[in-house]
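# Per-entry structural report
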Amino acid sequence: MIRTTLATISALLALALPAAAADDFIASPTLRASVTVTSDVVRVGDLIDNAGSAALIPVYRSPDLGTTGTLTVAQVLSVLRAKQVIGVMTGDLKEVQVTRLARTLANKDLETAVASALERRFGLGDAANITVTFDRGVAEMRLDASNSGTLQPVATRYDARSGRFDIAFEIANDSNPTATKLRFTGTAIETVEVAVLTRDIERLDLLKSSDVTLERRPKAEVTGEPASRDRSIGMQLRRPMRAGTPLRAADIVKPDFVVRDQNVTIIYQVPGLYLTSRGKAIESGAEGDTVSVLNVQSKRTLTGVVTGRGQVTIQGASQSAPMAPAVEQTSSLKRDEAPVPVDTAALVRNLVQAPASPAQIAQAQIPQARVSQAQAK
């Protein structure tokens, strides 16, 4: 009866109105193939075009946040008829897909929000160095799409001894004056990036690239300045250390170029003269360190600076007194008198038999001139 009446009214209106106006007025409700919703219910107006006054009638519960559900056309028409919605055009559709929009907060986003809330508070450092672990595994969180605001911490508690946190956040909601509230608990620990040994290392072993890796470790485990990987490669340890041990700057030293009891070359060097002798290291040292060595020829203990692998240069041997002043003070040569040649043999004996002082070296280098007798007369 109702269908007949509606059909009659529609036909009369079509005859009474111009063609264009009639088409606008009697546009038939048409089922959509794909539906997107933001609320927790699906309404008639979401499913069909030209729903008219029936658009706000709820007909289905929305799928879960961020998911898509599928309905057959027969199911949809059955529900619409129950709501007194008839005459819906379906075309050749077989099913309708309903997608519920959502705002997804990934685990990383939540960790960043917690770290930012704790940054430079409670004795902690930068947020980038704070590692967050939630009490319950939070892979990701989905919220209604209307929650478009940022996570704002409104209450923060932290125990520095245990690292436990309890933080409440609020997110502004576009469709609701009341903000959405979230609360998270867990552990937050400040970490540092540090070089870590991949194998057991002895004190004399040189650290290779494969011996060191970078890890983030709790700051409390690394007392002092942490060592970087680049700085560690090619260095030695002050003591043997086991695999998995984080390295501090104080744990590494420059490699020993001279090792105790090692045969070394002792270098005596002055301008214009370079002498070497065999020696034995009394102590170990890296490049630039001052060590004691034994001259195996003179049996004297000398002090020198490590200048290369197995090489020790005697301290002060490269220093010499200025030539000009010494000549002026010790010489009264006549114009036709030539200087006496340098006694190289005497210089060698001096340097090899005992540590040479700057004055001794200068004296060995400077030829002694014969003193003129004219002045005595």
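Turning to the overall build of the protein chain, a few remarks are in order. The number of helices and strands found in the protein chain is nine helices and 23 strands. Going through the 377 residues of the protein chain one by one, you find that 32% of them count as buried. Of the contacts formed within the protein chain by residues at least 6 apart in sequence, a portion of 55% connects residues at least 24 apart. Summing over all exposed atoms, the protein chain offers an accessible surface of approximately 22,600 Å²; the carbon and sulfur share of this is 52%.

Attention now goes to unusual backbone geometry. What is expected of a backbone is that most residues other than glycine have negative phi and most peptide bonds are trans. Positioned with a positive phi, asparagine 50 is a non-glycine residue whose angle comes to about 60°. Note on asparagine 50: relative accessible area 47%, which makes it partly exposed. Positive phi, normally seen in glycine, also occurs at glutamine 84, with a value near 65°. In this structure, glutamine 84 sits in the loop between helix H4 (73-82) and strand S7 (95-100).

Within a sheet, adjacent strands bond to each other through the backbone by hydrogen bonds, running parallel or antiparallel. The five strands are arranged S18-S19-S21-S22-S23 in a closed barrel whose pairing can be described as mixed. Each adjacent strand pair in this sheet contributes to an overall mean axis angle of 55°, direction not counted. Examined bridge by bridge, strand S18 (residues 263-270) and strand S23 (residues 311-314) share three bridges and lie parallel to one another. Counterpart to isoleucine 267 in the pairing with S23 is threonine 313.

Time to look at H4. Those residues of H4 not exposed but buried are Val73, Val76 and Leu80. Angularly, the buried residues of H4 cover 65° about the axis, an arc narrow enough to put them on a single face. With respect to the buried face of H4, the exposed residues turned more than 90 degrees away are Ala74 and Ala82. Contacts from the buried residues of H4 go to strand S1 (30-31), helix H3 (44-47), strand S4 (48-49), strand S5 (58-61), strand S6 (68-72) and S7.

Before going further, it helps to spend a moment on the nonpolar core. Residues Leu118 and Phe165 are the most contacted members of the largest nonpolar core, which totals 23 residues. For this core, the secondary structure elements donating two or more residues are helix H5 (107-118), strand S9 (130-134), strand S12 (164-173) and strand S13 (176-197). Per-element tally for this core: the top contributor is H5, with six residues. Listed in part, the 18 residues of the second largest apolar core include Val35, Ile48, Ala54 and Val59.

Glancing now at the side chain of asparagine 295. Assignment of secondary structure puts asparagine 295 in strand S21 (residues 290-295). Classification of asparagine 295 as buried rests on a relative accessible area of 0%. Of note is the side chain of asparagine 295, whose polar atom sits 2.9 Å from the side chain of tyrosine 268.

For side chains of opposite charge, pairing can occur when their charged atoms come near one another. This structure, assessed with the given rule, holds 19 salt bridges. Residues arginine 217 and glutamate 215 are paired through a salt bridge, measuring 3.0 Å at the closest nitrogen-oxygen approach. Exposure remark for glutamate 215: the relative accessible area of 31% places this residue in the partly exposed category. One network of salt bridges, with partners in common, ties together Arg157, Asp166 and Arg183.

Burial along S6 is one-sided: the residues Gly69 and Leu71 are buried and none of Thr68, Thr70 and Thr72 is. The sheet contact formed by S6 and S7 spans five bridges and is antiparallel. Residue pairing across strands places leucine 71 opposite valine 96, the latter belonging to S7.

For the structure shown, the criterion picks out four aromatic pairs. An aromatic cluster is present here, built from Phe134, Phe165, Phe169 and Phe184 joined pairwise through their rings.

In space, the three strands of this open sheet follow the order S2-S7-S6, with mixed pairing throughout. The sheet terminates laterally at strand S2 (34-37) and S6, the two strands that pair on one side only. The mean angle between the axes of side-by-side strands here comes to 20°, regardless of whether they run parallel or antiparallel. Relative to S7, S2 is paired through four bridges, and the arrangement is parallel. Counterpart to valine 35 in the pairing with S7 is valine 98. Lying over the sheet, H4 contacts S6 and S7, oriented at roughly 80° with respect to S6.

This paragraph deals with the environment of arginine 278. Looking at the element boundaries, arginine 278 is found in strand S19 (residues 273-281). For the pair arginine 278 and threonine 265, spaced 13 residues apart in sequence, the C-alpha separation works out to 5.1 Å. Arginine 278 has contacts with Val264, Ile266, Leu294, Asn295 and Val296, leaving out every residue within four places of it along the chain.

Let us look at the confidence of the model for the protein chain. Confidence in the prediction for the protein chain averages 80 pLDDT; 76% of positions are at 70 or higher. Looking over the protein chain, one finds the lowest element-wise mean pLDDT in helix H7 (residues 323-330), namely 38, and the highest in strand S11 (residues 152-158), namely 96. Predicted confidence for residues 317-340 stays below pLDDT 50, and this span has 28 contacts to residues more than four positions away or in other chains. The model gives residues 358-377 a pLDDT under 50, and that stretch makes 33 contacts with residues more than four places away or in other chains.

Cut-offs used in this document
- Residues numbered from 1 in each chain as written.
- Predicted model: local features only at pLDDT ≥ 70, side-chain atom pairs only at ≥ 80, totals over all residues.
- Heavy atoms only, no water.
- Helix = DSSP H or I, 4+ residues; strand = E, 2+ residues; numbered from the N terminus.
- Buried < 20%, exposed > 50% of the residue type's maximum accessible area, 1.4 Å probe, protein only.
- Contact = heavy atoms within 4.5 Å.
- Areas by Shrake-Rupley, 256 points an atom, 1.4 Å probe, with all protein chains shown as cover.
- Pairing = 2+ DSSP bridges.
- Axes fitted to C-alpha atoms, helices over the stretch in contact; angles between N-to-C directions.
- Arc of directions from axis to C-beta.
- Core = buried A, V, L, I, M, F, W, Y, C linked by side-chain atoms within 4.5 Å.
- Polar contact = N/O pair within 3.5 Å; in protein donor to acceptor, adjacent residues only side chain to side chain.
- Salt bridge = Lys/Arg side-chain N within 4 Å of Asp/Glu carboxyl O.
- Phe/Tyr/Trp six-rings, centres within 6.5 Å; stacked < 30°, edge-to-face > 60°.
- pLDDT = per-residue confidence, 0-100.

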